[in-house]
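# Tertiary structure, described
One-letter residues, chain by chain:
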Amino acid sequence: MSIQALNRFRCRQYELQTQGGFCCGLSIALAVHLTECAEGLSLPLTPLQAYKYIKEYMGAVRMSGNILEDTTTPGFQTFRQRIFNLHSRYTCTIFPEKPFVKGCGVVLLVLSVGDTCKRTDNCAFLKNSFYPMNHEGIAFYGTGDEIFIFDPNAGGMIIRWNEDCFTPTAIHAVDCALQKMYKMHDRMQGARTANVVRTEMIAKNAMPYGDCI
């Protein structure tokens, strides 16, 4: 088996806000959060640590608003508004590309979400697919064989990946993991899936960190 699913948690962005999708702002905020967490460590960040940091952060996102009453929890106004500000500012921005290879750290995943029955390309990234870029997530690839993936529609999961003929690259592994995640946790229960179209980097010369602090 080339992909083994390890730790995972569920997330559905429609349960977290009432103002439409905020996958771009949330993904950027999470990517910067991981970058800042890594700066405070004496050893390189691991996928398991990334998983824990993101799960904790998403707990704060869930606490920050009451979707039924369409209200923001006192004390979380700035925290929550920051995500929406990032989404509004960067949702159409193309950041510098970043190769997704062992040791690359955290990257933004530019994704295409669509009907599973209409998807015949299992790795849009490598085949220059025409799939529309309509969603974002993040991934963290450390120095070992584990990868952490987060998609706002489905949640977070760590996978252990070994190269074989079915998943010859890490991007293939991420695509396969996203299919599993959408079957398990997406609100449409596998009727749609996500494919990686681009991998991008968050850097100080690409966007001001002040937006995220």
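Before reading further, recall that the structure is shown in the block above.
Residues numbered from 1 in each chain as written. Predicted model: local features only at pLDDT ≥ 70, side-chain atom pairs only at ≥ 80, totals over all residues. Heavy atoms only, no water.

## Digging into the nonpolar core
So the rule is basically this: Nonpolar cores were defined as sets of buried Ala, Val, Leu, Ile, Met, Phe, Trp, Tyr and Cys residues, with membership established by side-chain atoms within 4.5 Å. Only protein chains enter the accessibility calculation, which uses a 1.4 Å probe; a residue is then buried when its area is under 20% of its type maximum, exposed when over 50%, and partly exposed in between. Segments assigned H or I by DSSP are reported as helices when at least four residues long, segments assigned E as strands when at least two residues long, and all are numbered from the N terminus.
Of all hydrophobic cores here, the largest spans 34 residues; its most connected members are Leu-26, Ile-28, Ile-54, Met-58, Val-61, Phe-148 and Phe-150. Counting only elements with at least two residues in this core, the list comes to helix H1 (23-39), helix H2 (47-63), helix H3 (77-90), strand S4 (105-115), strand S5 (135-141) and strand S6 (146-151). Top contributing element to this core by residue count: H1, with eight residues. In terms of nonpolar packing, the next biggest core, distinct from the first, is built from 25 residues, Val-107, Ala-154, Leu-178 and Tyr-182 among them.

## Here we look at the packing of aromatic side chains
How two aromatic rings sit relative to each other is given by the distance of their centres and the angle of their planes. Rules: Only centres within 6.5 Å qualify two rings of Phe, Tyr or Trp (six-membered ring in Trp) as a pair; their planes then separate them into stacked at under 30 degrees, edge-to-face at over 60, and tilted for everything else.
For the structure shown, the criterion picks out nine aromatic pairs. Centre to centre, the rings of Tyr-57 and Phe-79 are 5.3 Å apart; their planes meet at 45 degrees, and the pair counts as tilted. On the criterion of sequence distance, the pair formed by Tyr-57 in helix H2 and Phe-79 in helix H3 is long-range, its members being 22 residues apart. With respect to class, Tyr-57 is no different from Phe-79; both count as buried. Members of the aromatic cluster, connected to one another through ring pairs, are Phe-9, Tyr-51, Phe-148 and Phe-150.

## Looking at H3
Going by this rule: Multiplying 1.5 Å by the helix residue count minus one yields the expected span of that helix. In this description, the arc belongs to the directions extending from the helix axis to the C-beta atoms. The contact criterion used is simple: two residues touch if any of their non-hydrogen atoms lie within 4.5 Å.
Given a rise of 1.5 Å per residue, 14 residues ought to cover 20 Å, and the 20 Å separating the end C-alpha atoms of H3 matches this to within 8%. Those residues of H3 that fall on the buried side of the exposure criterion are Phe-79, Arg-80, Ile-83, Phe-84, Leu-86, His-87 and Tyr-90. One side of H3 holds all its buried residues, which, seen down the axis, span an arc of 155 degrees. Every exposed residue of H3 that faces more than 90 degrees away from the buried side is listed here: Thr-78 and Ser-88. In this structure, the buried side of H3 is in contact with H1, H2, strand S2 (65-66) and strand S3 (71-72).

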